[in-house]
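If you want the building blocks of each chain, they are given just below.
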Amino acid sequence: MSGLRALLGLGLLVSSGSRLAVGSGRCLARRWAPAGRWGAGQGRSSSSAMESAGRSGVKYLSQEEAQAIDQELFTEYKFSVDQLMELAGLSCATAIAKAYPPSSFTKSQPTVLIVCGPGNNGGDGLVCARHLKMFGYEPTIFYPKRPSKALFEGLTTQCQKMDIPFLSEFPAEAMLIDELYGLVVDAIFGFSFKGAVREPFGSILKTLEQVTIPIASIDIPSGWDVEKGNPDSIQPDMLISLTAPKKAAQHFAGRYHFLGGRFVPMALQKKYSLHLPPYPETDCVLQLA
Amino acid sequence: SREEAEAIEKELLEDYRFGRQQLIEIWGHACAMAVTKVFPLPSLPRKQPTVLVVCGPDQNGAIGLVCARHLRVFEYEPTIFYPKRSLNSLYRDFTTQCEKMDIPFLSYLPTEVQLINDAYNLVIDAILGADAEPGEVQEPYTSILATLKQIRIPIISLDVPSATGWDVEAGNSEGISPDMLVSLAAPKQCATRFLGRHHFLAARFLPYDVQKKFELNLPEYPGTECVVSL
């Protein structure tokens, strides 16, 4: 295991191949024009592409739109849940590795607590945990409500067999979490969340509100209304929006907003007018301004 | 060896409970990443970044389909030739995903080699994998392989260079000689005979215990990369 950690001791998280210059936001529309290809002449570096992403008019989805897009990916495009979950979880882990490289942790080990909810958001968390382990972090999972579906059972087994510990109970005090971990990943509720928060997640969120270490939320900060946000719930340091940001993201005040889930076909982007900024090169995440 | 490759896959599916579609997605994505490292968009000679992906009937073909889809996301222009479509429902969806991303499927492969050389920058050989039975390879693959042996543009083979009368262990001098090989999980024995310029490994997700059990001695992956050059 130390071998894996050693490789991340380099602390650098290079995007693949700096040989490729990033095209401008035009890239999406001019895909088939020969001049629209990446090339040295484009003159836009990846950092300026990142800066303009926030100003590019990316669409913030309503809960209904988010659900409609999801449905279309599965029914029309025939993606399977496990395929997209794998890509989503990988995006989350990659974004986390960019914002919080192992070398940035003040604790002696880059320990991460991942709290997984009862649905797909939890599944994304499980995949994320596995990739974080491969990237040299030391994830620990808390997964109190596990659906009895093969998909989730498989993901859980994969984590267990990679020696990722599963806590039997949630640390009772925020201080304990601050002491043991360098980062919390909130994979509790996603864009389908509606209504009241059920136990044990109510108490968990209350505890998380008190932690001082950074929280990275997958898709939607848990406890937030998917469109309106929630000033009384957790305020994460990082948000990884999957596919496209939801309206709640407009209330996000943390340091890092990443876009992940680089699998939305062009036709679908157009249909919902997503105006997604271009991802740099072959990266699966993009930092939004 | 072929047995070990099968044993590793079995362990991943049964003990580790990876889903087959999940594995194929991971491998296809990694193959696409490897291709972009050796043949980045600006390096392609033709005006359009066209790539021909030839898919066989089994798992290797499905990996080719996923690879094609990711190449499309990365702004290449893949075209797929998939003469014998798998009846496996797991793999059928991969075809639909490609179709819905407007990736064209050829209805036949030109036997005129020059046509292929002129139309495409690269060919991805996703015909046969380590799971294929040694011995006879049937049509249409024998003709396809005969055509591919003559092309001059680079060929990238996924996992094993496809060949007729092929053997994952011994390799086959009768088969195609790809420019690049992307080994999945671990290199197969026939890779020792690989003469091309680029050999990549796509296996980052392989659990440590599996690596140890099979004594794979895999190299370290840089940063958060999912492929590494051997």
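Model, not experiment: these values are computed from the prediction. (Residues numbered from 1 in each chain as written. Chains lettered and ligands numbered in written order. Predicted model: local features only at pLDDT ≥ 70, side-chain atom pairs only at ≥ 80, totals over all residues. Heavy atoms only, no water.)

Enquirer: Looking at this model, I keep getting lost on the overall build of chain A. Mind explaining?
Expert: Of the regular secondary structure elements, chain A holds nine helices and seven strands. Expressed as a percentage of the 289 residues in chain A, the buried residues total 60%. For chain A, contacts bridging at least 24 residues in sequence account for 70% of all contacts bridging at least 6. Total accessible area computed for chain A in this model is approximately 11,500 Å², and 52% of it derives from carbon and sulfur atoms. (Helix = DSSP H or I, 4+ residues; strand = E, 2+ residues; numbered from the N terminus. Buried < 20%, exposed > 50% of the residue type's maximum accessible area, 1.4 Å probe, protein only. Contact = heavy atoms within 4.5 Å. Areas by Shrake-Rupley, 256 points an atom, 1.4 Å probe, with all protein chains shown as cover.)

Enquirer: Whenever I open this one, the pattern of salt bridges confuses me. Can you help?
Expert: Within this structure, the stated rule accounts for 17 salt bridges over all chains. Residue Lys98 of chain A is joined to Asp283 of chain A by a salt bridge in which the shortest nitrogen-to-oxygen separation is 3.9 Å. Here Lys98 of chain A is found in helix H4 (residues 81-99), whereas its partner Asp283 of chain A is found in the loop between helix H9 (266-271) and strand S7 (285-288), with 185 residues between them in sequence. Overall, Lys98 of chain A belongs to the partly exposed group, its relative accessible area being 29%. With a relative accessible area of 11%, Asp283 of chain A lands in the buried category. Residue Lys37 of chain B is joined to Glu225 of chain B by a salt bridge in which the shortest nitrogen-to-oxygen separation is 3.2 Å. In this pair, Lys37 of chain B is assigned in helix H2 (residues 20-38) and Glu225 of chain B in the loop between helix H7 (208-213) and strand S8 (227-229), connecting sequence segments 188 residues apart. The class for Glu225 of chain B is buried, based on a relative accessible area of 7%. (Salt bridge = Lys/Arg side-chain N within 4 Å of Asp/Glu carboxyl O.)

Enquirer: When you look at helix H1 (residues 2-14) of chain B in this model, what are you seeing that I'm missing?
Expert: Note that an α-helix has 3.6 residues per turn; residues three or four places apart therefore point the same way. Residue and element names in this part refer to chain B. Here H1 spans 18 Å end to end across 13 residues, near enough to the 18 Å set by a 1.5 Å rise per residue. Along H1, the residues that are buried comprise Arg2, Ala5, Ile8, Glu9, Glu11 and Leu12. Against H2, helix H3 (59-73) and H7 lie the buried residues of H1. (Expected span 1.5 Å × (residues − 1).)

Enquirer: Looking at this model, I keep getting lost on the pairing of strand S1 (residues 111-116) of chain A. Mind explaining?
Expert: Two faces make up the sheet, and in a regular strand the side chains alternate between them. Residue and element names in this part refer to chain A. Along S1, six of the six residues are buried, which leaves the element largely enclosed by surrounding structure. Burial along S1 is two-sided: the face carrying Thr111, Leu113 and Val115 and the face carrying Val112, Ile114 and Cys116 are both buried. With five bridges joining them, S1 and strand S2 (residues 138-142) adopt parallel strand pairing. Bridged to Thr111 within S2 is Glu138. Once the chain exits S1 it traverses helix H5 (residues 120-134) before rejoining the sheet at S2, and the crossover so formed is right-handed. In terms of strand pairing, S1 meets strand S3 (residues 183-187) through five bridges, oriented parallel. Residue pairing across strands places Cys116 opposite Ala187, the latter belonging to S3. (Pairing = 2+ DSSP bridges. Right-handed = clockwise from strand over helix to strand, strands pointing away.)

Enquirer: Would you mind showing me how to read the nonpolar core here?
Expert: One recurring pattern in soluble globular proteins: nonpolar side chains tend to sit buried together. The biggest cluster of nonpolar side chains holds 63 residues, and the ones touching the most others in it are Ile80, Ile124, Val182 and Leu206 of chain B. With eleven residues, H2 of chain B is the largest single contributor of residues to this core. With near-sequence residues (within four places) excluded, Leu206 of chain B lies in contact with Met134 of chain A together with Ile8, Leu12, Ala185, Gln211, Leu216 and Leu218 of chain B. Formed by 42 residues, the second largest nonpolar core is a distinct cluster that contains Cys116, Tyr143, Val185 and Cys284 of chain A. (Core = buried A, V, L, I, M, F, W, Y, C linked by side-chain atoms within 4.5 Å.)

Enquirer: When you look at the confidence of the model for chain A in this model, what are you seeing that I'm missing?
Expert: Caution applies to low-pLDDT regions: their predicted coordinates should not be interpreted in detail. The predicted model of chain A has a mean per-residue pLDDT of 82, with 81% of residues at 70 or higher. Predicted confidence for residues 1-55 of chain A stays below pLDDT 50, and this span has 109 contacts to residues more than four positions away or in other chains. (pLDDT = per-residue confidence, 0-100.)

Enquirer: Just checking my understanding: could you explain H5 of chain A for this structure?
Expert: All names here are of chain A. Its 15 residues place the ends of H5 22 Å apart at the C-alpha level, agreeing with the 21 Å of an ideal helix rising 1.5 Å per residue. The buried count for H5 comes to 14 of 15 residues, which makes it a mostly enclosed element. Residue Gly136 follows H5 closely and has a positive phi angle near 100 degrees.

Enquirer: In this structure, what is going on with the confidence of the model for chain B? I would like to understand it.
Expert: All names here are of chain B. The predicted model of chain B averages 86 in pLDDT, with 92% of residues at 70 or higher. Here H7 is the element of chain B with the lowest mean pLDDT, 85, and strand S2 (residues 77-81) is the one with the highest, 95. Both confidence scores are given for the complex: pTM 0.80, ipTM 0.80.

Enquirer: Looking at this model, I keep getting lost on the environment of Phe191 of chain A. Mind explaining?
Expert: Residues and elements named next belong to chain A. Within the secondary structure layout, Phe191 lies in the loop between S3 and helix H8 (201-210). Judged by its relative accessible area of 16%, Phe191 is buried. Through-space distance from the C-alpha of Phe191 to that of Asn121 is 8.4 Å; in sequence the pair is 70 residues apart. The residues touching Phe191, leaving out its near neighbours within four places in the chain, are Gln63, Ala66, Gln67, Asp70, Asp219, Ile220, Val226 and Lys246.

Enquirer: Which parts of the structure should I look at to understand the sheet that holds S3 of chain A?
Expert: Residue and element names in this part refer to chain A. Spatially, the seven strands line up as an open sheet ordered S2-S1-S3-S4-S5-S6-S7, and their pairing is mixed. The open sheet has two free edges, formed respectively by S2 and S7, since each of these has just one partner strand. Within the sheet, the average angular offset between the axes of one strand and its neighbour, ignoring direction, is 20 degrees. Across three bridges, S3 lies against strand S4 (residues 215-218) in parallel orientation. Following the sheet pairing, Val184 is matched in S4 by Ile215. (Axes fitted to C-alpha atoms, helices over the stretch in contact; angles between N-to-C directions.)

Enquirer: I'm lost on the pairing of strand S6 (residues 256-260) of chain A in this one. Help?
Expert: Residues and elements named next belong to chain A. For S6, the buried fraction is high: five of the five residues fall into the buried class. Covered by surrounding structure in S6 are Tyr256, Phe258 and Gly260 together with His257 and Leu259, the residues of both alternating faces. Sheet topology note: the strand S5 (residues 238-242)/S6 ladder contains five bridges and is parallel. Each residue of the ladder has a partner; that of Ser241, found in S6, is Leu259. Of the strand pairs in this sheet, S6 and S7 are connected by four bridges, and their pairing is antiparallel. What sits directly across from Phe258, in S7, is Gln287.

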